Amino acid sequence: MGAVAEPAIKVEDLWWKYEGRKDWALKGVNLTIERGEFVGIVGPNESGKTTLVMAMNGLIPNNYRGVMKGRVVSVGMDTREHTTAEIARRVGFVFSDPESQFLTMTVEEELAFGLENMGLPVEEIRDRIRWAMEITRLDEEFLEKPPYELSGGQKQRVAIAAVLAMKPDVIILDEPTSMLDPIGKSEVFDVLVQLRRSYNATIIVVEHRLEDIAYLADKMILLYYGEVLRVAPPREFFDNIPFLLKHYVYPPEIMIAVHRLREEGLYDGPIPLRFEEGVKIIEEVLRA
Ligand SMILES: Nc1ncnc2c1ncn2[C@@H]1O[C@H](COP(=O)(O)OP(=O)(O)OP(=O)(O)O)[C@@H](O)[C@H]1O
Ligand SMILES: [Mg+2]
């Protein structure tokens, strides 16, 4: 028996209050995220999701003013004892607004930027860019383009590729589709599916679109005004629809429809995670 692998992220009794605010944004959060897990974080607006993920990559407390109690250890680094730059190499962060992340003139420069800062050899940089573009399905023709000429979904894929190329142990995406139109959203979810398959890292996604995250996640976390109310695999998490609704988390229509059938005693199986699965259940009930 070897040593027990240390988790990707460990949050221990974390309290955080932004300077100038009366209330704590995080109130005694305890969480363990294992290596290789795909985690979905949900919760109503202003419930502290962004604050929590910023604490995981050290932006909090290092780049924000406020009061912190407790501890966050990300990939073995106590976030208070390391700089944001040190942590960012191991814990990548993709913002909802990809524009805010772009620093350079072309997609190629954007993808190379972090890698050059890491001091990697040219060959390695080229290989990593090719690899990141493959996962995010960006064609080579994009390389010469300025990021601002791309569509929203393409921009977000470039932002994800730039983080991915650094091969971080953990990738955090904070509502990566919230600024996008439906096509852009589905482009980004295709990338998440691809990440799940081909990149054996820890992935943490804050997302409102539950229909997309439900079947991808190993574990769902409900954050409710600074507190973690529930941590469970999607099957269990979505099984209690009334609990989610009570806390302003709105599951996809198809889940709600099946939940109603169950309440009426017409069905007694699990809540479907995928749309097609739900349609099948409804068809069977109608046929019976
Ligand atoms: N920079 C800041 N300074 C002061 N208060 C802040 C700051 N950022 C967030 N807050 C407050 O902290 C609380 C949690 O906000 P946070 O942005 O983490 O929530 P969220 O769940 O990400 O919300 P949303 O769904 O709108 O993205 C809110 O009350 C918010 O007003
Ligand atoms: Mg947020």
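Asks: Tell me what's going on with the overall build of the chain, and back it up with residues and numbers.
Replies: When you go through the chain residue by residue, the secondary structure sums to 12 helices and 10 strands. For the chain, the spread of C-alpha atoms along the principal axes amounts to about 65 × 50 × 45 Å. By residue count, 40% of the 288 residues in the chain fall in the buried class. Of the contacts made within the chain by residues no fewer than 6 positions apart, 67% connect residues no fewer than 24 positions apart.

Asks: Explain the site of ligand 1 to me, using residue names and the numbers behind them.
Replies: Taken together, Tyr18, Arg21, Ala25, Gly43, Asn45, Glu46, Ser47, Gly48, Lys49, Thr50 and Thr51 form the complete shell of residues around ligand 1. When residues of the shell around ligand 1 are assigned to their parent elements, the largest contribution, 3 residues, is made by helix 1 (residues 49–56). Looking at the shell around ligand 1, its residues break down into 2 nonpolar, 6 polar and 3 charged.

Asks: Just give me the short version of the domain arrangement of the chain, but keep the residues and values in it.
Replies: Assigned domains within the chain: domain 1 (9–251) and domain 2 (252–288). Here the C-alpha centre of domain 2 lies 32 Å away from the C-alpha centre of domain 1. Contact with domain 1, which involves 10 residues of that partner, is made by 9 residues of domain 2. Contributions of two or more residues to the side of domain 1 that touches domain 2 are made by helix 8 (210–213) and helix 9 (234–237).

Asks: Let's hear about the nonpolar core: which residues, and what values?
Replies: If you look at the biggest cluster of nonpolar residues, it comprises 77 residues, and the most contacted ones within it are Ala55, Ala161, Val163, Ala165, Ile172 and Ile204. A total of 7 residues in this core trace back to one element, the largest contributor, which is helix 6 (residues 152–164). Counting contributing residues, this core receives three or more from each of domain 1 (9–251) and domain 2 (252–288). Excluding residues that lie within four positions of it along the chain, Ala165 makes contacts with Leu111, Gly114, Leu115, Arg128, Ile129 and Ala132.

Asks: With reference to specific residues and values, describe the pairing of strand 9 (residues 219–224).
Replies: Buried residues dominate strand 9, accounting for 5 of its 6 residues. Here strand 3 (residues 38–42) runs beside strand 9; their pairing, made up of 4 bridges, is parallel. Within strand 9, the residue paired with Val42 across the bridge is Leu222. Note that strand 9 and strand 10 (residues 227–232) share 5 bridges and pair antiparallel. Residue pairing in the sheet places Leu223 in a bridge with Val228 of strand 10. Hairpin geometry of strand 9 and strand 10 is characterised by an intervening segment of 2 residues between the two adjacent antiparallel strands and by a positive phi of about 45° at Tyr225.

Asks: Just give me the short version of unusual backbone geometry, but keep the residues and values in it.
Replies: Backbone torsion omega between Ile60 and Pro61 reads 10°, so that peptide bond is classified as cis. Of note, Pro61 is situated in helix 2 (residues 59–62). You will see that Val75, though not glycine, has its phi angle at about 45°, which is positive. Positionally, Val75 belongs in the loop between strand 4 (66–74) and strand 5 (77–78). Of note in the backbone geometry, Tyr225 takes a positive phi value of approximately 45° without being a glycine. Structurally, Tyr225 can be placed in the loop between strand 9 and strand 10. For Tyr225, a count of 17 C-beta atoms within 10 Å corresponds to the partly exposed category.

Asks: Please provide a residue-by-residue account of the environment of Pro146, values included.
Replies: One can find Pro146 in the loop between helix 5 (122–135) and helix 6. Among the residues examined, Pro146 registers 13 C-beta atoms within 10 Å and is labelled partly exposed. Along the chain, Pro146 and Glu187 lie 41 residues apart, while their C-alpha atoms are 19 Å from each other. Excluding residues within four positions of it along the chain, Pro146 makes contact with Met105 and Thr106.

Asks: So what's going on with helix 11 (residues 253–263)? Which residues, and what values?
Replies: By the burial criterion, the buried members of helix 11 are Ile254, Met255, Val258 and His259. Each buried residue of helix 11 sits inside an arc of 140° when the element is viewed along its axis, so together they form one side. With respect to the buried face of helix 11, the exposed residues turned more than 90 degrees away are Glu253, Arg260 and Glu263. Of the surrounding elements, those touching the buried residues of helix 11 are helix 10 (241–246) and helix 12 (275–287).

Cut-offs applied
Residues numbered from 1 in each chain as written. Chains lettered and ligands numbered in written order. Predicted model: local features only at pLDDT ≥ 70, side-chain atom pairs only at ≥ 80, totals over all residues. Helix = DSSP H or I, 4+ residues; strand = E, 2+ residues; numbered from the N terminus. Buried ≥ 20, exposed ≤ 12 C-beta atoms within 10 Å, placed from the backbone. Contact = placed C-beta atoms within 7 Å. Near = placed C-beta within 6 Å. Nonpolar A, V, L, I, M, F, W, Y, C, P; charged D, E, K, R; others polar. Domains from an automatic or database assignment. Core = buried A, V, L, I, M, F, W, Y, C linked by C-beta atoms within 7 Å. Pairing = 2+ DSSP bridges. Arc of directions from axis to C-beta.

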